[in-house]
Every structure is written in C-alpha cells, then in structure tokens.
Amino acid sequence: VLGKYTADTSEHDDNTQGGNQDNTDSEISTENTVKFTVGSDMYYVGTIPYKSETKPYINTSDRVMVPVRTLSNAFGIDDKDISWVEDDTFRGVVIQYAARTIKIPAMSGDNSYLEINGFKVTADSAAEIVNDRIYLPIRSVVNAFGISDNGITWNESTGEVIIKMPTL
C-alpha cells in the first residue's frame, strides 16, 4: 500500500519536476532540495535522481498528490518510521519524523486533515488511495515536516515542485 523507491543511476532530463506554490523562479539551487514532477516517476534529492513506482498527479482539488513512501523517503524517513494503521479509531498512515508523529487518515468522507503530535491541522486535500498506493497532498505534508510555504516552489509550466529541505 505504501510503495517503494529506488535510486536511479542513469542520466535523465532534469528540466521538469513537481509541486504546490505559485512561484516560477528558475534560479533555485538544487542543493538541499527535493524535486517532484507531476506525471514523472523520477524525483530528485539534491542532484541525485530516484525512481518511484508511481507518479505524482494533480487531483480534482488542484493539489499535487505524491505517494506517501516516496515523499517520506525523499526526506530521509526510513521505511520503519512509516506505517499503515487500521484499528477502531484510525485508518491511515503514521509517519515518525524528527520529534513529530504525523497521522494521515485514508480517504473516507471529509478527512482533509493531518494530525501532528495529537493536534489536527487542516490539509489541502484528503489523502487518496489510487492503485493500492496512498497519495498525500504534498504541501500539507511538507508543512507537517516543518517546512513553511516559503520553502515550497511550484512551477506551473513544468509541473515542478521544489522543496527546500529543513536543517534538523
């Protein structure tokens, strides 16, 4: 359900990646960044390319949705810190990141929220399950990782999201 990622050592065209804030600054340094492109299974951590089993897309709420494991791994979160939980009170993904526990409910009804250390925070869009993979609204999750909207750049013409990684 959560997906996997693998480093890709072959060369790829780096002129289109994926994201979620309206900014078209093409002079962004690739150092300490994570880049996704809508419709591409390639993403970059710094200048290192990785291949995801699935591709980011834009949902009906105009939000960029990224597979949970791919997004988490891009931020250095180990698979052991990402889990699917399904019990009487919660159905969704739990991510441990830095000193944060982030709970993301799976799509059912109006679940457009994340829970960070027990506090509910409104999300851009509910998580969605597509082809047995759970996708997250990238901006909401990146904000939950502690990155403000100023650290997220969206280039509509290329479908690229560039996220400046936090210093932990």
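Now for a look at the structure at hand. For clarity, every value in this text was computed on a predicted model and none was experimentally measured. (Residues numbered from 1 in each chain as written. Predicted model: local features only at pLDDT ≥ 70, side-chain atom pairs only at ≥ 80, totals over all residues. Heavy atoms only, no water.)

### Digging into the environment of Lys80
Stated formally: Helix and strand assignments come from DSSP, with helices taken as H or I runs of at least 4 residues and strands as E runs of at least 2, each series counted from the N terminus. Polar contacts here mean pairs of N or O atoms no more than 3.5 Å apart (in protein, one a potential hydrogen donor and the other a potential acceptor; neighbouring residues in sequence count only if both atoms are side-chain atoms).
Relative to the helices and strands, Lys80 resides in the loop between α1 (68-74) and β7 (82-86). Lys80 sits 16 residues away from Gln96 along the chain, and the two C-alpha atoms are 8.9 Å apart. Among the polar contacts made by the side chain of Lys80, one reaches the side chain of Asp81 at a distance of 3.5 Å.

### Observations regarding the pairing of strand β13 (residues 133-137)
Sheet faces and side chains relate simply in a regular strand, where the side chains alternate between the two faces. Here is the rule: We call a residue buried when its accessible area falls under 20% of the maximum for its residue type, exposed when it is over 50%, and partly exposed in between, using a 1.4 Å probe and counting protein chains only. For two strands to be treated as a pair, DSSP must find no fewer than two bridges joining them.
When you tally the buried positions in β13, you get 5 out of 5 residues, the bulk of the element. Covered by surrounding structure in β13 are Arg133, Tyr135 and Pro137 together with Ile134 and Leu136, the residues of both alternating faces. Two strands pair when backbone bridges link them, and strand β6 (residues 64-67) and β13 are joined in this way by 3 bridges, in the antiparallel orientation. Its bridge partner being in β13, Val66 is matched across the sheet by Leu136. The loop that links strand β12 (residues 128-130) with its antiparallel partner β13 comprises 2 residues; one of these, Asn131, has a positive phi angle of about 50°.

### Observations regarding the sheet that holds β13
In spatial order, the strands read β5-β6-β13-β12; together these 4 strands make up an open sheet with antiparallel pairing. Either end of the sheet is taken by a strand with one partner, and the two such strands are β5 (57-58) and β12.

### Some remarks on the side chain of Thr33
Applied cut-off: Whether two residues touch is decided by their heavy atoms; if any such pair falls within 4.5 Å, the residues are in contact.
Along the polypeptide, Thr33 turns up in strand β2 (residues 33-37). Of the residues examined, Thr33 reaches a relative accessible area of 3% and is grouped as buried. In this structure, Thr33 is in contact with Tyr44, Val45, Gly46, Ile162, Ile163, Lys164 and Met165, ignoring residues within four places of it in sequence.

### Comments concerning the sheet that holds strand β10 (residues 113-116)
Operational definition: For helices, the axis comes from a line fit to the C-alpha atoms of the stretch in contact; other axes are also lines fit to C-alpha atoms, and the angle between any two N-to-C directions lies between 0 and 180 degrees.
Ordered in space as β7-β8-β9-β10-β11, the 5 strands form an open sheet in which the pairing is antiparallel. Both outer strands of the open sheet, β7 and β11 (119-122), are each paired with one neighbouring strand and no more. Going across the sheet, the axis of each strand differs from the next one's by a mean of 25°, ignoring polarity. In the sheet, strand β9 (residues 100-105) pairs with β10 via 2 bridges, with the strands oriented antiparallel. Bridge assignment links Ile102 to a residue of β10, and that residue is Ile116.

### Description of the packing of aromatic side chains
Going by this rule: The aromatic pairing rule takes the rings of Phe, Tyr and Trp, using the six-membered ring of Trp, and pairs them if the centres are within 6.5 Å, calling planes under 30 degrees apart stacked, those over 60 edge-to-face and the rest tilted. For a Lys NZ or an Arg CZ to count as sitting over a ring, it must be within 6 Å of the ring centre and within 35 degrees of the ring normal.
By the definition in use, this model includes 5 aromatic pairs. Ring pairing ties together the aromatic residues Phe36, Tyr43 and Tyr50, which thus form one cluster. A cation over an aromatic ring shows up here: Lys35 above the ring of Tyr44, its NZ or CZ 5.6 Å from the ring centre. Positioned above the aromatic ring of Phe90 is the side chain of Lys103, whose terminal nitrogen or guanidinium carbon lies 4.8 Å from the ring centre.

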